Amino acid sequence: MTNTSIGLLLLRIFIGLRLMYGVLDNLISWDHMQEFAGFLGKYNFPFPLVSAIVSVAVQMIAGFLILIGWQTKLSAAIIFINFLIAIFMVHLPNGDSIELMTPALAMLFVSASLFFTGAGKYSVDKV
C-alpha cells in the first residue's frame, strides 16, 4: 500500500461525488434542467437545452467513473474539457474573480492531474 494510491483514491472519491452531487438536482427536476439551460443561453451556448443535458450527463457519468476508477483518464479528459468551456464561456466573460472561479478551477486542475496519474492502485481499472 502506497501513500500515492491512497491519495488518488481520496481525490477520486471527493471529485467523483462532488461532480455527481453538483448535477443531481438537474437529473431529478426538469425545472432545474431548464433553469440551467436558461443560464447557458444567457452565455450564448449553442442549443442551450442540449448543452445543459450533455453537460449534466457528462458530469454524472464521468463523475461516477472517476469515483470507481474505471476509464479514469478518459473521464478526466472529458471533465477537463467541460470545465475549460465553463471557464472560458461563463467565468471569464462574467469577470469572475479567482475566488468565484475556484470550484471550476479545482475541477479543471484535478481532472488534469487524474488524466496524467490515472486512478491509482485502488480502482476498477486495477482489478
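Structure: above.
Being a predicted model, the structure only gives us computed values, none of them experimental.

Contact geometry of helix 2 (residues 30-42) with helix 3 (residues 48-68) gives a least axis separation of 8 Å together with a crossing angle of 115°. Along this stretch, helix 2 crosses helix 3, giving a crossing that reads as right-handed. Judged by residue contacts, W30, M33, F36, A37, L40 and G41 of helix 2 engage P48, L49, S51, A52, I53, S55 and V56 from helix 3. Taken together, the residues of the contact of helix 2 with helix 3 sort by class into ten nonpolar, three polar and no charged.

Counted at 1.5 Å a residue, the expected span for helix 3 with its 21 residues is 30 Å, and the 30 Å between its end C-alpha atoms agrees. At its buried positions, helix 3 is contacted by helix 1 (3-28), helix 2, helix 4 (72-91) and helix 5 (98-117). Of the residues trailing helix 3, G69 is marked for its positive phi of about 75°.

With that settled, the discussion passes to unusual backbone geometry. A positive phi is found at F47, a non-glycine position, where the angle reads about 45°. Along the chain, F47 turns up in the loop between helix 2 and helix 3. Take F47: its relative accessible area is 66%, and that puts it in the exposed class. Despite not being glycine, Q71 shows a phi value in the positive range, around 55°. With respect to the helices, strands and loops of the structure, Q71 is situated in the loop between helix 3 and helix 4. A residue is classified by how much of its surface remains accessible, and Q71, at 36% relative accessible area, is partly exposed.

This part covers the nonpolar core. Membership of the largest hydrophobic core comes to 16 residues, with the highest contact counts inside it found for L19, I79, F83 and L114. The set of elements that each furnish at least two residues to this core consists of helix 1, helix 3, helix 4 and helix 5. Sort the elements by how many residues they give to this core and helix 5 lands first, with six residues. Beyond its immediate chain neighbours, meaning those up to four positions away, L114 contacts L8, L11, R12, I66, T72, K73 and A76. One finds M20, L40, V56 and M60 within the second-largest nonpolar core, a separate group that totals eleven residues.

Reading guide: rules and limits
- Residue numbers run consecutively from 1 along every chain, following the written order of its sequence.
- Given that the model is predicted, a residue must reach a pLDDT of at least 70 before its local features are reported, and side-chain atom pairs must reach 80 or more before they are shown or counted; all residues, however, enter totals for whole chains, interfaces and linings.
- As a rule here, side-chain values come from all non-hydrogen atoms in the structure, and water together with hydrogens is ignored.
- Angles shown run from 0 to 180 degrees and are taken between the N-to-C directions of axes, each axis being a line fitted to C-alpha atoms and, for helices, limited to the stretch in contact.
- Secondary structure elements follow DSSP: runs of H or I of four or more residues count as helices, runs of E of two or more count as strands, with numbering from the N terminus.
- Crossing handedness is defined as follows: a turn of the near helix away from the far one that is anticlockwise and smaller than a right angle gives a left-handed crossing, while the clockwise case is right-handed.
- Throughout, a residue-residue contact means that at least one pair of heavy atoms, one from each residue, lies within 4.5 Å.
- Think of it as three bins: nonpolar holds Ala, Val, Leu, Ile, Met, Phe, Trp, Tyr, Cys and Pro, charged holds Asp, Glu, Lys and Arg, and polar takes everything else, Gly as well.
- To estimate the expected span of a helix, count its residues, drop one, and scale the result by 1.5 Å.
- In this scheme, a residue with accessible area under 20% of its type's maximum is buried, one over 50% is exposed, and one in between is partly exposed, where area comes from a 1.4 Å probe on protein chains only.
- Nonpolar cores are built from buried Ala, Val, Leu, Ile, Met, Phe, Trp, Tyr and Cys residues. Side-chain atoms within 4.5 Å join them into one set.

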